[in-house]
Amino acid sequence: MTESARIPTARSTALSDPHLRNLDDVSTLELAQALAERLALNERDWHRLKSDRNVRAREQVAAALVFLLKGNPTESLPRLEQAVGWLNRSISAPPCPQHGKKRDRSIEPKS
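Residues numbered from 1 in each chain as written. Predicted model: local features only at pLDDT ≥ 70, side-chain atom pairs only at ≥ 80, totals over all residues. Heavy atoms only, no water.

(A) Expanded view of the side chain of Glu-59. Position of Glu-59 relative to the elements: it lies in helix H5 (residues 53-69). Only 3.0 Å separates the side chain of Glu-59 from the side chain of Arg-56, close enough to count as a polar contact. Those residues in contact with Glu-59 that sit more than four places away from it in its chain are Leu-39, Ala-40 and Leu-41. (Helix = DSSP H or I, 4+ residues; strand = E, 2+ residues; numbered from the N terminus. Polar contact = N/O pair within 3.5 Å; in protein donor to acceptor, adjacent residues only side chain to side chain. Contact = heavy atoms within 4.5 Å.)

(B) A look at the confidence of the model for the protein chain. Residues at a pLDDT of 70 or more form 68% of the protein chain, whose mean pLDDT is 79. Within the model, pLDDT remains below 50 along residues 1-13, and this stretch shows four contacts once partners closer than five positions in the same chain are excluded. (pLDDT = per-residue confidence, 0-100.)

(C) View of the pattern of salt bridges. Under the definition given, this model contains three salt bridges. Between Arg-79 and Glu-75 there is a salt bridge, with the nearest N and O atoms lying 3.0 Å from each other. Of this pair, Arg-79 and Glu-75 both sit in helix H6 (residues 73-87), four residues apart, which is roughly one turn of the helix. Assessed through its relative accessible area of 33%, Glu-75 is described here as partly exposed. (Salt bridge = Lys/Arg side-chain N within 4 Å of Asp/Glu carboxyl O. Buried < 20%, exposed > 50% of the residue type's maximum accessible area, 1.4 Å probe, protein only.)

(D) Structural view of unusual backbone geometry. Positive phi values are uncommon outside glycine, yet Arg-89 reaches one of about 65°. The exposed category is assigned to Arg-89, whose relative accessible area is 61%.

(E) How the structure looks around the packing of helix H3 (residues 28-39) against H5. Contact pair H3 / H5: the axes reach a minimum separation of 9 Å and the direction vectors enclose 155°. The angle between H3 and H5 falls in the class roughly antiparallel. The interaxial crossing formed by H3 with H5 has left-handed handedness. Residues Thr-28, Leu-29, Ala-32, Gln-33, Leu-35, Ala-36 and Leu-39 of H3 lie in contact with H5, whose contacting residues are Arg-58, Glu-59, Ala-62, Ala-63, Leu-65, Val-66 and Leu-69. (Axes fitted to C-alpha atoms, helices over the stretch in contact; angles between N-to-C directions. Parallel < 35°, antiparallel > 145°, perpendicular 65-115°, else oblique. Left-handed = near helix turned anticlockwise from the far one by under 90°.)

(F) Spotlight on the environment of Leu-69. Looking at the secondary structure, you find Leu-69 in helix H5. For the pair Leu-69 and Gln-33, spaced 36 residues apart in the sequence, the C-alpha separation amounts to 9.7 Å.

Spelled out as structure tokens, the structure:
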């Protein structure tokens, strides 16, 4: 048996799960939106994953797919470009807005 024959496809794996048996009843847009939600960085993981290029590229590609399926290629294109930027290392994560701010010590606290 070849190796590819032993690896189940995502579709056959999903359909074997009784909770996902009606996958055909879900629209392509709903699937893309679910994927985008799953791949989006949440606030808790942002610091840990903000510079992970693969994570950020996946997040942007999923968002681009949602816009494309909604018939909005104008919104899709910048997200695809950003995903490419993450992968080719032409962009980096911005600093956290809450870090690096220096307190203005010239203003005395009011008593």
